[in-house]
Structure formats: structure tokens, C-alpha cells
Amino acid sequence: MHPFSPQVSTSSAPMKPILLILISLITCLSAATKDLLVHPPEQLYSSANADFDKANFLAMSQPAAAQELYQSAILKYQFLAKNHPSADLNMNLANTYFSSGDHGRAALFYQRALRIDPTHQNTLHNLHYLRSLTIDALPESRFQKIQKSLLFWHHWSFQSRLWICGLANLICFSLLAAILYHHRHRWIWISLSASAALTLIFAISLTTTFQGWDQTIDGVIVQKELIARKGNGLIYDNAFTTPLHSGTEFQTLETRGDWLHAKLLDGSTCWLPTNGCESVTGTF
């Protein structure tokens, strides 16, 4: 007998399950890649939706099979979102990441959808729900609460503000017409001033939302756990008593090498390593 034969047979036995898993994964990715190259966008979109729906159906009974389908849907949505960017595609991609358990990239693609369409109501609703599940509790600061109270109307839905602005504008022009016909009562001037002020306030609010001027989030933590520091290096103390987690959003204040200075939703600041984060715009 060859002196090395027992060693070969013994070491190869544990490798069989690993090889089978690798072969299965490569086959799955190859099939998905073939779909990307062969099918037109409409067919690919339908295929991605079908994978997502089937994954949701199998999520409880066959989680491993569901994960494969989620990854297949993610590949297809990513290809489509890259070549045909839209808020809907980025939202679908975010929904798939969310269902697969990756809350970090779910938040990332919800934010990318809002960069395309800041008024996308389904994305806003889904992002609000995702934030309610985020591990890191980031309560609003006192200043944020005061600001939100003073500008309460700006947090109403885009459609509601649009209706109010349109109605106020209609009333304003109606009152102007009344003044032109010599109906110059005091109450008409007061009403005209009030309706003009409402029109201006809601027009500014709508423009701010539509232009995305109030969208300050440009980064998301995608690593499962990430230790925030008080400075741009491992030699600095921890910024918080516990690590930050996947799905935590932030605004980038500055970057230094492999570190970025981040402002969290509650207004607190810290330094984060870039390898645990992803940018909404693609680059920090």
C-alpha cells in the first residue's frame, strides 16, 4: 500500500461537504450571471421578482434555499439598478437585502432610492420601519426635537403638503381676483396675506424635499458590529460603551485615510473605519 494513501483518504473526507457547497454556490451564481447576460431588462426584472417571491415563501420552511434565491434576486436587481437606475429598483434591492437579514445594505439602498426620488413614499415608509428595528438606539437630541416641533409641517407627506400648497395658492388668486373687482374689505386683505404666507411656506418645504436638501445621510454601517473611536485610529478610546451595528446611518463630516468622521442621527459624532461602511453616493 502507498504510504500516503491513508492520509489522502482521511483528509479528503471532510472536504467533500465543503466542495459540494462551493460547487452548489458556483452553479447558482453561474446560472444567475447567465440570466443577466441573456435576458432583456423586463424579463430579468420579472425573474428577480419571482426569485424574491419564492424566497419569501420558502423562508420559514427552507431557509438555506430561500437565501440562495435572495442572493439570485439581489444579483439581478443590482444589475438592473446599475444599468437602469430608478427609485423602484433600489427599493426592491433594499427590500431583498432586508428579507435576507442584511439590514445595513437595506438601509444603504433605501437611501440610494431617496437620492433618486426624495418623495418616494414606499421607500420612506420602509426606511422608517427599518430604523425602528435598528439595534443602536439613537434618540433625537433636544435641538432636533425643538426643530421638529417648529417645522412640524415639513414632516407631513409630500402629497399632503402639495395639496395644502395648491389649495392656499388657489385661495390666494381668488382673493386677488376679488380685490381687482373692488371687494377690498379688511378680511379679504387678512385672508390674502395668510394664504400667500401658507403658499410660500409650503412651496419652500416642497422644494427642499424635492431637491433633497434635507437628505444629509450619505453613509451606512454594513459590518455586523463596528467599534466607533474618538479619533481616526485604533489608539483612540471608544466613542461609545458598545459597538455600533449594521444599519446605522450617518453623515460624513470629513475623511482621513481609512477613517471617516461621522455624525449620527442623534447628532453625536465619532470616527469610523471605512472598511465597515458604504457610501450612499458610492465614494466617501
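Residues numbered from 1 in each chain as written. Predicted model: local features only at pLDDT ≥ 70, side-chain atom pairs only at ≥ 80, totals over all residues. Heavy atoms only, no water.

**With respect to the layout of surface pockets**
How we decide: Cavity: a set of points on a 1 Å grid over the protein atoms alone where a 1.4 Å probe fits but cannot get out. Pocket: an open set with protein on both sides within 12 Å along at least five of seven lines, its lining residues, like those of a cavity, having an atom within 4 Å of a point. Grid points are joined across faces, edges and corners, and a volume is the space filled by probe spheres set on the points. Put simply, DSSP marks the helices as runs of H or I at least four residues long and the strands as runs of E at least two long, and each gets a number from the N terminus on. In this classification, the charged set is Asp, Glu, Lys and Arg, the nonpolar set is Ala, Val, Leu, Ile, Met, Phe, Trp, Tyr, Cys and Pro, and all remaining amino acids, among them Gly, are polar.
Put simply, the largest pocket is a space of about 1600 Å³. Together, 42 residues line the largest pocket, and R131, E140, H155, D214 and L265 are the ones closest to its centre. Considering every element that reaches the lining of the largest pocket, the biggest residue donor is helix 6 (residues 121-133), with seven residues. Taken together, the residues of the lining of the largest pocket sort by class into 13 nonpolar, 20 polar and nine charged. Of the voids in this model, the second largest pocket is the one considered here, and its volume is about 200 Å³. In terms of lining residues, the second largest pocket is bounded by 14 residues, among which G101, H103, I135, H245 and S246 are the most central. Secondary structure elements with two or more residues in the lining of the second largest pocket: helix 5 (103-116) and helix 6. Among the elements that line the lining of the second largest pocket, the one with the most residues is helix 5, at three residues. Each residue belonging to the lining of the second largest pocket can be placed in one class, and the counts come to four nonpolar, seven polar and three charged.

**Observations concerning the packing of helix 8 (residues 158-180) against helix 9 (residues 186-211)**
For any two helices packed against each other, one specifies the inter-axial angle together with the distance between the axes. Defined as follows: Note on definitions: angles span 0 to 180 degrees between N-to-C directions of axes, and those axes are lines fitted to C-alpha atoms, for helices only across the stretch in contact. Handedness of a crossing follows from how the near helix is turned relative to the far one, being left-handed for an anticlockwise turn of less than a right angle and right-handed for a clockwise one.
With their axes 8 Å apart at the nearest point, helix 8 and helix 9 run at an angle of 150 degrees to one another. Crossing of helix 8 over helix 9 shows left-handed handedness. Among the residues forming the contact of helix 8 with helix 9, the class breakdown is 20 nonpolar, six polar and one charged.

**Digging into the pattern of salt bridges**
Put simply, the rule is: Salt bridges are counted wherever a side-chain nitrogen of Lys or Arg sits within 4 Å of a carboxyl oxygen of Asp or Glu. Accessible area is worked out with a 1.4 Å probe on protein chains only. A residue is then buried under 20% of its type maximum, exposed over 50%, and partly exposed in between.
In this structure the tally under the stated criterion is five salt bridges. Of the charged contacts in the structure, one is a salt bridge between D102 and R105, with a shortest N-O distance of 3.2 Å. A residue is classified by how much of its surface remains accessible, and R105, at 25% relative accessible area, is partly exposed. Its salt-bridge partner being E249, residue R131 comes within 2.7 Å of it at the nearest N-O pair. Separated by 118 residues along the polypeptide, R131 in helix 6 and E249 in strand 4 (residues 249-256) bring together distant segments of the chain.

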